[in-house]
Amino acid sequence: MDMLLEQLINGLAIGSFYALVAIGYSMVYGVMKLINFAHGDLFTLGSYLGYTLLVVGSGWITSTFGVWGGVVVAVLGAMLGAGAAGLLLERVAYSPVYKAGRLPLVVSALGASIFISNGIMAVWGPRFQAYPVESIPTGSIMLFGDIRITTLKLVTILVSLALMAIIYFVVERTLFGSAVRASALDREAATIMGIDFRKIILFVFFVGPALGGLAGVFAGLNYNRIIFNLGWGYGLKAFTAVILGGIGNIPGAMLGGLLLGMMEALFEGFVSGAWKNVFVFVILIVILIVRPTGIIGEKIAEKV
């Protein structure tokens, strides 16, 4: 029983990474009907930006803001940097080919993914980089029975869930969120009603990568090392989470990410860690066959 609970907690932490990245996938697809294949690489960029801030500014940042204050600075810097990179990506790689159709957008996305991944390798090198986690407190908290959770893992889960709640509130309960949902449903009608579609595009291309940057820093802090192609695996799993929850559906992306993380952790703990990635893609295939719209996705009639 204790092992089951421990694996569920581990899965919740892993699922929070997937969910944050999946939100970005889902937001861009919902508004633009585009699978942003470069999104996983923005996650990697965020992890490297956080790493750089922690390493380069480890002395004065931690002395000025404290250990956890330094982590906050690294997280905010990574989010802003990844968000700015997302806006630049949209302007350079996607905006010029919007009118050319979906296939050129997909090709552009793949090209951008290769460019960002190789750019990261050129700047930071092809080897693993170790996150400077030595100064971060390694204490743990007793939950119940013999179940303990590290402070870092608890912070990761709580911050991720809090940001997911904020995004859900903004999109589902605010006037601007109504504009985002209206644009996703029918761009032409939303434009006629006075909604500035350009602002919606900028919103999704900043917020999505920023959340990915946050996930990248947390992944580095929890797993201690990063590499330039880190986003490939996380991106594929986040995409699986989007399909699992319902593509284009932000609550579905959150739910899909958390569920996928917990299922992966349970499979690793009770079956085999060597086969966990195979298990993830078996889930993807099953979902596509049994329920293509995802757990809470809905079929939407198309205009003809």
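J.: Go over the nonpolar core with me, naming the residues and quoting the values.
T.: Counting residues in hydrophobic clusters, the biggest one holds 79 residues, and the most contacted among them are Ile 23, Tyr 94 and Leu 221. Considering each element in turn, this core owes the most residues, 15 residues, to helix α9 (residues 197-223). Counting five residues, the second largest nonpolar core, distinct from the first, contains Ile 9, Ala 13, Ile 149 and Ile 157.

J.: Outline the side chain of Ser 160, supporting the account with residue identities and numerical values.
T.: Note that Ser 160 resides in helix α6 (residues 151-173). The residues touching Ser 160, leaving out its near neighbours within four places in the chain, are Ser 16, Leu 20 and Phe 218.

J.: Before we move on, can you summarise the packing of aromatic side chains with the specific residues and values?
T.: Taken as a whole and assessed by the stated rule, the structure comprises eleven aromatic pairs. Pairing Tyr 51 with Tyr 131 gives two aromatic rings, centres 6.0 Å apart and planes at 50°, and the pair type is tilted. Taken as a pair, Tyr 51 in helix α2 (residues 39-56) and Tyr 131 in the loop between β1 (129-130) and β2 (140-144) lie far apart in primary sequence, 80 residues in all. There is no split in this pair, since Tyr 51 and Tyr 131 are both buried. Aromatic pair Tyr 94 and Phe 205: ring centres 5.6 Å apart, planes at 45°, arrangement tilted.

J.: Got a sec to walk through the packing of helix α11 (residues 250-270) against helix α12 (residues 276-290)? Specific residues and values, please.
T.: Contact geometry of α11 with α12 gives a least axis separation of 9 Å together with a crossing angle of 135°. Considering their axes alone, α11 and α12 lie oblique with respect to each other. Like other packed secondary-structure pairs, α11 and α12 cross with a definite hand, here right-handed. Contacts between α11 and α12 involve Leu 260, Met 263, Glu 264, Phe 267 and Glu 268 on the former and, on the latter, Lys 276, Phe 279, Val 280 and Ile 283.

So, how was this worked out
Residues numbered from 1 in each chain as written. Predicted model: local features only at pLDDT ≥ 70, side-chain atom pairs only at ≥ 80, totals over all residues. Heavy atoms only, no water. Core = buried A, V, L, I, M, F, W, Y, C linked by side-chain atoms within 4.5 Å. Buried < 20%, exposed > 50% of the residue type's maximum accessible area, 1.4 Å probe, protein only. Helix = DSSP H or I, 4+ residues; strand = E, 2+ residues; numbered from the N terminus. Contact = heavy atoms within 4.5 Å. Phe/Tyr/Trp six-rings, centres within 6.5 Å; stacked < 30°, edge-to-face > 60°. Axes fitted to C-alpha atoms, helices over the stretch in contact; angles between N-to-C directions. Parallel < 35°, antiparallel > 145°, perpendicular 65-115°, else oblique. Left-handed = near helix turned anticlockwise from the far one by under 90°.

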